[in-house]
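# Overview (structure and organization)
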Amino acid sequence: MNLVTPEWLVFAKVFLRHPWDVSSIFRTRTAVAKRLADRIREWRPQVIVEYGPATGSVSRAILAGGKLAASSSLLLIEKTPEFVEYLRRTLHDPRVSIFHRSATDVLKVLAECGLGKADCIFSGIPLTLIPVDSADAILRNTREALNEDGLFVQYAFRRNNMEVLLRRHFQNVRSRTEIFNIPPLMVFEARKN
Ligand SMILES: C[S@@+](CC[C@H](N)C(=O)[O-])C[C@H]1O[C@@H](n2cnc3c(N)ncnc32)[C@H](O)[C@@H]1O
């Protein structure tokens, strides 16, 4: 298993510059990103949003393997400029739009794209490490941005009180651990009902 890839070097360099926003020196491993994206394999949603794609491990897995129809949209919302620049340079797919914004702006981003609600939102933002007001604002807008039967997938390297935070905004929350990631990844799936 080769951990030191050019993509990881970009990730690690940006982590050293913005440790609080990035939260880990490791990106999500490709195999685990694929398992996260497999969640939508059968369902093939039309509108997907991803918060905090960083170098795009999960984004590339979502795009690979025919999970996303040609008419679908994948909106990537990333706060850190170095990652935005990397994604714009390396990720070329007509279904993808990259926004240098905060996840708090999800409703505005959907409106600017002329899209209604999202079917699925993935998030790698370290929600339990940012101020609780900011986390609540992101989750409030996420709930509003999702279709009634939409799915929110949040992953994190630490459990902390993520489930408590999610339950304040979503009725139905489940969690599991992906042990083959370094470090192991906690995956939370939340729905409105
Ligand atoms: C743990 S990293 C995610 C890693 C990446 N998704 C992966 O799977 O390898 C957290 C990411 O969230 C981004 N981020 C943090 N706060 C954000 C916010 N409010 N809006 C959008 N992105 C944010 C960081 O810049 C970073 O790219």
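For the structure itself, consult the block above.
Let us look at the structure shown here.

Calculation notes
- Residues numbered from 1 in each chain as written.
- Predicted model: local features only at pLDDT ≥ 70, side-chain atom pairs only at ≥ 80, totals over all residues.
- Helix = DSSP H or I, 4+ residues; strand = E, 2+ residues; numbered from the N terminus.
- Rg over C-alpha atoms; globule rule 2.2 N^0.38 Å.
- Buried ≥ 20, exposed ≤ 12 C-beta atoms within 10 Å, placed from the backbone.
- Contact = placed C-beta atoms within 7 Å.
- Near = placed C-beta within 6 Å.
- Nonpolar A, V, L, I, M, F, W, Y, C, P; charged D, E, K, R; others polar.
- Core = buried A, V, L, I, M, F, W, Y, C linked by C-beta atoms within 7 Å.

## Brief notes about the overall build of the protein chain
Regarding its fold elements, the protein chain presents eight helices and seven strands. The C-alpha radius of gyration of the protein chain comes to 15 Å, within 12% of the 16 Å expected for a compact globule of 193 residues. Taken over the C-alpha atoms alone, the protein chain extends approximately 40 × 35 × 30 Å along its principal axes. Counting every position in the protein chain, which comprises 193 residues, the buried fraction comes to 37%. When contacts within the protein chain are restricted to residue pairs at least 6 apart in sequence, long-range pairs at least 24 apart make up 68% of them.

## Describing the environment of Arg88
Checked against the element boundaries, Arg88 lands in helix H5 (residues 81-90). Taking the C-alpha atoms as reference, Arg88 lies 20 Å from Ser71; in sequence the two are 17 residues apart.

## Focus: the site of the ligand
Contacts to the ligand come from 22 residues, most closely from Arg27, Thr28, Gly52, Thr80 and Gly124. Split by residue class, the shell around the ligand holds 10 nonpolar, eight polar and four charged.

## Describing the nonpolar core
Among the nonpolar cores identified, the biggest contains 51 residues, and Leu36, Val49, Ile77, Ala118 and Ile121 are the most heavily contacted of them. Ranked by residues supplied to this core, first place goes to strand E5 (residues 146-156) with six residues.

## Let's talk about the environment of Phe180
With respect to the secondary-structure elements, Phe180 resides in the loop between strand E6 (172-178) and strand E7 (185-191). Judged by C-beta crowding, with 12 C-beta atoms within 10 Å, Phe180 ranks as exposed. For the pair formed by Phe180 and Ala31, sequence separation is 149 residues and the distance between their alpha carbons is 8.3 Å. Residue contacts for Phe180: discarding those within four places in its chain leaves Ala31 and Val32.

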